[in-house]
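Descriptive analysis of the structure
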Amino acid sequence: MVNDVEDDDSCPKPVGRSSVFYYGVGHMLNDITAACWFTYLLLFLTEIGLSPRDAAIIMLAGQIADGFATVFAGELIDRFGHFKVWHGAGSILAAISFSSVFGGCLPCKILASRSPIIETISYSTSAAIFNVGWAATQVSHMSMVNCISLNSTSRVVMTSCRNAFTMVANLSLYAVALVVFSTTKATTHSDIENQYHWIAYTSIFIGCCFVGLFHLRTKEPRLKIRVHGTSYARISWAYWFKKILYYQVGLVYMLTRLAQNVSQAYLAFYVIEDLRMAKSAKALVPAIIYISSFIVSIIMQEMSWTGQRLKAYYCAGGIIWVFCGTSILFLPRSLSAFMYVISVFIGIANTLMTVTGVSMQSVLVGSDLNGCAFVYGSLSFLDKVSCGLAVFVLQSFQSSSPRSQESLSTEYISVTRYGLGLLPAVCSLAGMGITYTMKLRTPHSKSLMEPLLD
């Protein structure tokens, strides 16, 4: 639809390395708070006394708010533009509201009551507000890729750099968590809240520093500016709904995020409750996952990409996840140390699937820039809602923790193992099947050499 966005469409210019770097740091606040959200929210809520079902309701409230916000944010960004304004406003809202998610129940203090109903409503409200800001930041940042360059390899490189800083964000979180959990003791309700309060505030500070760097050094994409300066009409939703690839990419992205987010939500439970590893393991095991993910992300930035290569690497990641999921499902407590090895391969699988899955969205968008934000917003809607529902269903069966299941037979498989092992493996298999049927066409691309935004 947009054929003259760059001076030379047949061979779009690649993006410079510095521009890739400054783009990549722009999602750090979202990434570090999301890591805290998925890794520690359920654990925090159950440790302060809420039931698994109430904890799942709070996460579901946040995920649903996130899902609807992504659709509306995508539509408004396509209509009015100004990626950086949406990114900045969303970051401010997310930073302010995230502290209240782990900061204790304010209505409970006002009413002098620790009623589970009041706590659930309070945390659900905070979670919903936080996720609205998170969604605005995510959609604006993801859709910027397509307006920064039409070069398919540069788009994958920017996505890979963004993923690399996701790993940096996660490692930063787990480093902070390791220090907090190692140096403080949580013997009372107040101690537990203080632990997670410190983790939340430190995460916000780290994320805001990188967001500031992004806004200082990244310009509003000139491709989008040029498009708005022409007579090209905004692409309607119906245009995307008529594309088979839209549904294929949407399902693959949903399954990929479902595997990654649900497994992250149950990882801390698994290493502490099922495997009975040391308390530090709930920070060390995720850290290993993200170290291996970071290394793979860096390697992927140095490659040129085609549609077939995207499919091949996605399937490779899916196969690895299937083996990891199977191992987790049946790993006995006596071999808990093997979890460190599994973690390395989970990190590799997550990166292969995430980078290629997100890059498939860029292939779907192509040069149709006037509808790119809607694509990212609508596909994220599926991801958020499905993740919230999956956690809610799993937690509904989590009537008691594995510690109280000792009287059961050794063949008993906990809900945590299903969430961390079986679900990601099934999602990976389904994602590979859909990917195999895709027809991804990417234009000829150069290697990463010249700057675009500089």
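This text goes with the structure placed above it.
Overview of the structure. Residue numbers restart at each chain and count upward from 1, following the sequence in its written direction. Residue-level local features of this predicted model are given only where pLDDT is at least 70; pairs of side-chain atoms are given and counted only at 80 or more, and the full residue set underlies all totals for whole chains, interfaces and linings. Only hydrogens and water are set aside when side-chain values are computed; all heavy atoms of the structure are taken into account.

1. Some words on the side chain of Thr 351
- Structurally, the position occupied by Thr 351 is in helix H14 (residues 339-365).
- Counting of polar contacts relies on pairs of N or O atoms within 3.5 Å, with two restrictions inside protein: one atom must be capable of donating a hydrogen and the other of accepting it, and residues adjacent in sequence are counted only when both atoms are side-chain atoms. A polar contact of 3.2 Å, which involves the side chain of Thr 351, links it to the backbone oxygen of Ser 293.
- Every residue in contact with Thr 351, bar those within four places of it in the chain, is listed here: Asn 163, Ser 293, Val 296, Ser 297, Met 300 and Thr 356. Helical segments are the DSSP runs of H or I of at least four residues, strand segments are the runs of E of at least two, and each set is numbered from the N terminus. Residue contacts are defined here by distance: any two heavy atoms, one from each residue, within 4.5 Å place the two residues in contact.

2. Section: helix H3 (residues 52-80)
- Here H3 contains 29 residues, and its C-alpha end-to-end distance of 41 Å stays within 8% of the 42 Å for a straight helix at 1.5 Å per residue.
- The first or second residue beyond H3 is Gly 81, which carries a positive phi of 75°. Expected helix span is given by 1.5 Å per residue-to-residue step, counting one fewer step than there are residues.

3. Some words on a nonpolar patch on the surface
- The patch calculation keeps residues exceeding 30% relative accessible area without a salt bridge and links them within 9 Å when they carry like charges or within 5 Å when they are nonpolar (Val, Leu, Ile, Met, Phe, Trp, Tyr). The Shrake-Rupley method, run with a 1.4 Å probe sphere, supplies the accessible areas, and residue values consider only the shown protein chains as cover. Here, a salt bridge means any Lys or Arg side-chain nitrogen found within 4 Å of an Asp or Glu carboxyl oxygen. Together, Leu 335, Phe 338, Val 341, Val 344 and Phe 345 make up an exposed nonpolar region whose accessible area comes to about 420 Å².
- Tracing the chain through its elements places Phe 345 in helix H14.

4. Concerning the packing of aromatic side chains
- The criterion for an aromatic pair is that two Phe, Tyr or Trp rings (for Trp, the six-membered ring) have centres within 6.5 Å, with stacked assigned to planes under 30 degrees apart, edge-to-face to planes over 60 apart and tilted to the rest. Counted under the stated rule, the structure contains 21 aromatic pairs.
- Taken together, a centroid distance of 5.2 Å and an interplanar angle of 75° make the contact between Phe 21 and Tyr 22 edge-to-face.
- Overall, Tyr 22 belongs to the buried group, its relative accessible area being 16%.
- Their ring planes at 45° and their centres at 6.2 Å tell us that Tyr 266 and Phe 269 sit as a pair that is tilted. In this pair, Tyr 266 and Phe 269 both sit in helix H11 (residues 244-274), 3 residues apart, roughly one turn of the helix. Each residue is assigned to one of three classes by its accessible area relative to the maximum for its type, calculated with a 1.4 Å probe on protein chains only: buried under 20%, partly exposed between the two thresholds, exposed over 50%.

5. Examining the packing of helix H2 (residues 28-47) against helix H6 (residues 116-148)
- Note on geometry: axes are lines fitted to C-alpha atoms, helical ones only across the stretch in contact, with angles between N-to-C directions running from 0 to 180 degrees. It is at 11 Å that the axes of H2 and H6 come closest, and there the two elements cross at 160°. On the basis of the axis angle, H2 is roughly antiparallel to H6. Note on packing geometry: the crossing formed by H2 with H6 is left-handed. Residues Asn 30, Thr 33, Ala 34, Trp 37, Phe 44 and Leu 45 of H2 form the contact with H6, whose participating residues are Tyr 123, Ala 127, Phe 130, Asn 131, Trp 134, Thr 137 and Gln 138.
- Asp, Glu, Lys and Arg are counted as charged, while Ala, Val, Leu, Ile, Met, Phe, Trp, Tyr, Cys and Pro are counted as nonpolar; the rest, among them Gly, fall into the polar class. Its residues placed into classes, the contact of H2 with H6 shows 8 nonpolar, 5 polar and no charged. Roughly parallel means an angle under 35 degrees; roughly antiparallel, over 145; roughly perpendicular, 65 to 115; everything else is oblique. A clockwise turn of the near helix away from the far one marks a right-handed crossing, whereas an anticlockwise turn of less than a right angle marks a left-handed crossing.

6. Digging into the environment of Leu 267
- Within the secondary structure layout, Leu 267 lies in helix H11.
- Residues Leu 267 and Arg 417, 150 residues apart in the sequence, show an inter-C-alpha distance of 9.1 Å.
- Look past the residues within four positions of Leu 267 in its chain and what remains in contact with it is Val 285, Pro 286, Ile 289, Met 339 and Leu 420.

7. Description of the nonpolar core
- We call a set of buried residues a nonpolar core when its members are Ala, Val, Leu, Ile, Met, Phe, Trp, Tyr or Cys and they connect through side-chain atoms within 4.5 Å of each other. If you look at the biggest cluster of nonpolar residues, it comprises 131 residues, and the most contacted ones within it are Tyr 40, Leu 45, Phe 102, Tyr 196, Ile 199, Val 271 and Met 339.
- Here the element with the most residues in this core is H11; it accounts for 18 residues.
- If we ignore the near neighbours within four places in the chain, the residues touching Tyr 40 are Ala 35, Phe 102, Leu 173, Tyr 174, Ala 177, Phe 181, Tyr 196, Lys 282 and Ala 283.

8. Some points on the pattern of salt bridges
- On inspection of all chains with the given rule, the structure shows 7 salt bridges.
- A salt bridge links Glu 47 to Lys 282; the nearest nitrogen and oxygen atoms lie 4.0 Å apart. With a gap of 235 residues between them, Glu 47 in helix H2 and Lys 282 in helix H12 (residues 281-300) connect regions that are remote in the sequence.
- The class of Lys 282 is buried, set by a relative accessible area of 5%.
- Lys 384 is paired through a salt bridge with Asp 66; the nearest N and O atoms lie 3.3 Å apart. With a gap of 318 residues between them, Lys 384 in helix H15 (residues 372-396) and Asp 66 in helix H3 connect regions that are remote in the sequence.
- A cluster of three or more residues bridged by salt bridges with shared partners is formed by Asp 66, Asp 383 and Lys 384.

9. Some remarks on the side chain of Ser 97
- Mapped onto the elements, Ser 97 comes out in helix H4 (residues 83-101).
- A relative accessible area of 6% places Ser 97 in the buried class.
- If we ignore the near neighbours within four places in the chain, the residues touching Ser 97 are Ile 129 and Phe 130.

10. What to know about the packing of helix H7 (residues 152-183) against H12
- Contact geometry of H7 with H12 gives a least axis separation of 8 Å together with a crossing angle of 160°. The pairing of H7 with H12 is recorded here as roughly antiparallel in orientation. Judged by the twist between their axes, the crossing of H7 over H12 is left-handed. The residues of H12 that touch H7, namely those facing Ser 160, Asn 163, Ala 164, Met 167, Val 168, Asn 170, Leu 171, Tyr 174, Ala 177, Leu 178 and Phe 181, are Lys 282, Ala 283, Leu 284, Pro 286, Ala 287, Tyr 290, Ile 291, Ser 293, Phe 294, Ser 297, Ile 298 and Met 300.
- Grouping the constituent residues of the contact of H7 with H12 by class yields 17 nonpolar, 5 polar and 1 charged.

11. Digging into the environment of Asn 30
- With respect to the element layout, Asn 30 can be found in helix H2.
- Asn 30 sits 108 residues away from Gln 138 along the chain, and the two C-alpha atoms are 7.3 Å apart.
- Excluding its chain neighbours within four sequence positions, the residues that come into contact with Asn 30 are Trp 134, Thr 137 and Gln 138.

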